[in-house]
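Given next are the chains, with one letter for each unit.
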Amino acid sequence: MTDQQIIEAYWQRNEAAIQESSLKYGKYCFTIAHHILRNQEDAEECVNDTWMKAWNSIPPGRPGNLKLFLARITRNLSLNKYRSQRTDKRGGGELELILDELGEILSAEEGTEEEYMAKVLGETVNQFLHSLPERQCNIFVRRYFYSESIPEISDRYQLSSHYITVILSRTRRKLKQYLNKEGFLL
Amino acid sequence: MNQYTLYQSLNAIDDNILIRSESSSRAGRSLPLIKRVSLAACFCLMLAGIFIIPNLLQSTRFETNSFPKSPLETIIETNVIDSDIGNTTHINDENRLDEERVIPPDAVNQLLTWEEAQAFEPWGTYLPTRIPAGYAEESFRWYQDENTCFLSGLWTQYGSYDEISWRISPYREAMADRITSASDTRNYDLSLYPIPRADSVPKELYQIVDHPIFRIEELTMEVVNRRAYTLNDAGDSNGVRMSFCVLYDDVVVDVTTKGVDPEWLYEQLILLQDINNPS
């Protein structure tokens, strides 16, 4: 089935939509969830929830890119699961490192309406990413959207781990300056 | 605002950025095969020398049968072995790509040689015909899935981060916003926008300044020069960088280079017009 056919199946409330989504993007979504949670059972659970969330969102939604639509759902669900687990205990895993790295960019201030802030912030980060050289942008996306580890990114682009670490550090610094200028860190 | 908010906000990253990060996977730099073979050969020559020199010193008369393997034989064997290793690596890479879960299972993701890429119908003729000295071929790929398809080539310079990346794809309506006239310099002239460009490029021009598309009829040496810039980034190449697309009828050639002369790039792009539309 093509993506358009799968979306059409969702619209027709045909359960084959879920089966086809799982068949076509199950591994892809699992990888995203597993990168965040580093736990097979939790990742599988998030992937299953992804199909349900998609089922409830289409209709009325009609995603332009089904694969990335599902990726975003999985990523959100995985983050929520991670947060609920983290309230119990501080776990290890890649996301812990990633969040620590992102924490370098921000002030300690909390309490703003998170969802609204995430939306506005997302638009600003997008503009920032458009201004980056392609490779730098790709490395940033692999790390902070797909939550890949440094060795995984290093392997993906055939670059040394040190190089990846340096690029990420510089990009975080630039992002911090950019967000500061846009008034996010005041 | 906390780090969760920032992490969550990344869900808003544009589709085209996410797709680009997937499709450019492994289009990085690795030691070219020819250099790996050369290094292996040198290493074996050294090893062979260790065995041969004592024999040369001890014996005044060489018995061919009792002689250890000649350096040449060793090199030949080494090359065979190394070729095998090279092939294995290549196959392993392909296996890894197949296993790569971010690539849809029905996607075509085929590694090619330079010759195969040049012969690839109908876009192979849009690859550069020659490459500046010092650059070695790195990888050529034919990729196709539901959302994107392209033929790409990557050449890198050993020991530096200089590279030439070439990507050929069909023109799509979504690209229309990035087409610019050469006379509209604010759409592409990088000298107008100091780094960091996030601060200097107006928001409404981000996309087009980032990656403009020029019709080949409008491409001039001056246009290419306006896209060239250098960057002092410790540890990275300080060569000239350029990045833009050229539209040939319904084919888009997307070039990103580091360390090459703008004049060379201009000549190559004009030459492609002559090759593909000789009239």
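Notes on the structure follow.

Reading the values: the criteria
- Residues numbered from 1 in each chain as written.
- Chains lettered and ligands numbered in written order.
- Predicted model: local features only at pLDDT ≥ 70, side-chain atom pairs only at ≥ 80, totals over all residues.
- Heavy atoms only, no water.
- Buried < 20%, exposed > 50% of the residue type's maximum accessible area, 1.4 Å probe, protein only.
- Helix = DSSP H or I, 4+ residues; strand = E, 2+ residues; numbered from the N terminus.
- Pairing = 2+ DSSP bridges.
- Salt bridge = Lys/Arg side-chain N within 4 Å of Asp/Glu carboxyl O.
- Axes fitted to C-alpha atoms, helices over the stretch in contact; angles between N-to-C directions.
- Contact = heavy atoms within 4.5 Å.

**Overview of the pairing of strand 2 (residues 135-144) of chain B**
Residues and elements named next belong to chain B.
- With 8 of 10 residues buried, strand 2 lies mostly within the body of the structure.
- Note that strand 1 (residues 108-112) and strand 2 share 5 bridges and pair antiparallel. Bridge pairing in strand 2 links Leu-112 to Phe-140.
- What sits between strand 2 and strand 3 (residues 149-157) in their antiparallel hairpin is a turn of 4 residues.

**A word on the pattern of salt bridges**
- Overall, the coordinates contain 13 salt bridges over all chains when judged by the stated rule.
- The salt bridge partner of Arg-62 of chain A is Glu-8 of chain A, with a shortest N-O separation of 3.3 Å. With Arg-62 of chain A in the loop between helix 3 (40-57) and helix 4 (66-88) and Glu-8 of chain A in helix 1 (residues 3-11), this pair connects stretches of sequence that are 54 residues apart.
- Arg-62 of chain A gets classed as partly exposed once you look at its relative accessible area, which sits at 45%.
- Taking relative accessible area as the criterion, Glu-8 of chain A reaches 33% and is therefore assigned partly exposed.
- Note that Arg-72 of chain A is salt-bridged to Asp-15 of chain B, the shortest N-O span being 2.9 Å.

**Remarks on the sheet that holds strand 6 (residues 241-248) of chain B**
Residue and element names in this part refer to chain B.
- The 7 strands lie next to each other as 1-2-3-4-7-6-5, forming an open sheet whose pairing is mixed. Pairing within the sheet leaves two strands with one partner each, and these edge strands are strand 1 and strand 5 (213-215). Across the sheet, the mean angle separating the axes of adjacent strands is 20° when strand polarity is ignored.
- Where helix 9 (residues 262-276) meets the sheet, its contacts fall on strand 4 (163-170), strand 6 and strand 7 (251-258), and the angle it forms with strand 6 comes to roughly 10°.

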